[in-house]
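# Results of the structural survey
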Amino acid sequence: MVCSLFSNFMLASIKNVCSISINKVIKRDNNNMKKLLLSLGVSMAAVSAHAVNTPVSDLPAGDYILDKTHTSISFKVKHMGLSNYTARFNDFDATLTLDPSDITKSALMASVNPLSIETDFQHHSDEKDFNKKLGENADWFNGLKFPEVTFKATNLVKTSDNTGTMTGDFTMLGITKPATFDVTFNGAYASKPFANVPAMGFSAVANIKRSEWGFDTYVPNIGDDVQIIIETEFHKK
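This write-up is about the structure you can find in this document. What you see is a predicted model; the values in this text were computed from it and never measured.

### Section: the environment of Asp99
- With respect to the helices, strands and loops of the structure, Asp99 is situated in the loop between β4 (92-98) and β5 (107-112).
- Under the relative-accessibility criterion, Asp99 is labelled partly exposed at 22%.
- Spatially, the C-alpha atom of Asp99 lies 7.0 Å from that of Gly62, the residues being 37 residues apart in sequence.
- Not counting chain neighbours up to four residues away, the residues in contact with Asp99 comprise Lys105 and Ser106.

Encoded structure:
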């Protein structure tokens, strides 16, 4: 009888302790969730307070540097008539000199390291490093001899409030020829949230024939037409 009463007492005590502990955990998690939601709310309010509607004409003039964290440079080329094979570069830079009173008088210089090419080819041993082969071999980007692919804008044309064309000197494999990008202005901040600097963003697409730069390896099995796709943001220097 005594043992039974003692056992019941112990079980009741354990249940009470567990119940109290669980309630504490739930209360703590609720508090953490409230803090998280409050933090997110403050962040969203900060972003909303800095809407992406600043006209280019209201941005300060001068040099803008590339926000590499939010920039990508990729290309597509037809493979055996079956797919548009896509690859990208991981090492690049650009400087934009903005004239907000007349954006067509702005200047842009960009460069890409061809050795930084990144594909989805899975073998990365010394014998089968496809990225290294494409970057270094003379039949491909020949990056040891020509360590940069460059573009210098020479003519900017505004076609609407948020679109335009950008023609410039495109240099690859030591050959310079004109190339034209269709550019979309995505928006700007007088003060970009979290970075706290003037900023703007663009999308750009160009179509070139690589054989015009002496790059005709495996044409036509690998297409001559190459589409270059750029997504980018610039911050005021």
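### Section: the side chain of Asn142
- Its place among the elements puts Asn142 in the loop between α2 (130-136) and β7 (149-158).
- On the basis of relative accessible area, Asn142 is assigned to the buried category, the value being 14%.

### As for the pattern of salt bridges
- Under the criterion given, the structure shown has 3 salt bridges.
- Among the ionic pairs, Asp67 bridges to Lys192, the shortest N-O distance being 3.1 Å. One end of the pair, Asp67, is in the loop between β1 (62-66) and β2 (72-79); the other, Lys192, is in the loop between β9 (175-189) and β10 (199-209), with 125 residues separating them in the sequence. This pair shows no difference in class: Asp67 is buried, exactly as Lys192 is.
- One salt bridge connects Lys192 with Glu233, and the closest N-O pair in it is separated by 2.6 Å.

### Digging into the pairing of β5
- Strand direction decides the pairing type here: β4 and β5, joined by 6 bridges, are antiparallel. Looking at β5, one finds that Thr95 is bridged to Met109.
- As judged from the 4 bridges shared by β5 and β7, these two strands associate in the antiparallel manner. Residue pairing for β7: Val112 is matched across the bridge by Val149.

### Let's talk about the environment of Ala206
- If you trace the backbone, Ala206 turns up in strand β10.
- Take Ala206: its relative accessible area is 1%, and that puts it in the buried class.
- Spatially, the C-alpha atom of Ala206 lies 6.8 Å from that of Ile229, the residues being 23 residues apart in sequence.
- Other than its neighbours up to four places away in sequence, Ala206 contacts Thr180, Phe181, Val226, Gln227 and Ile228.

Rules and cut-offs
- Residues numbered from 1 in each chain as written.
- Predicted model: local features only at pLDDT ≥ 70, side-chain atom pairs only at ≥ 80, totals over all residues.
- Heavy atoms only, no water.
- Helix = DSSP H or I, 4+ residues; strand = E, 2+ residues; numbered from the N terminus.
- Buried < 20%, exposed > 50% of the residue type's maximum accessible area, 1.4 Å probe, protein only.
- Contact = heavy atoms within 4.5 Å.
- Salt bridge = Lys/Arg side-chain N within 4 Å of Asp/Glu carboxyl O.
- Pairing = 2+ DSSP bridges.

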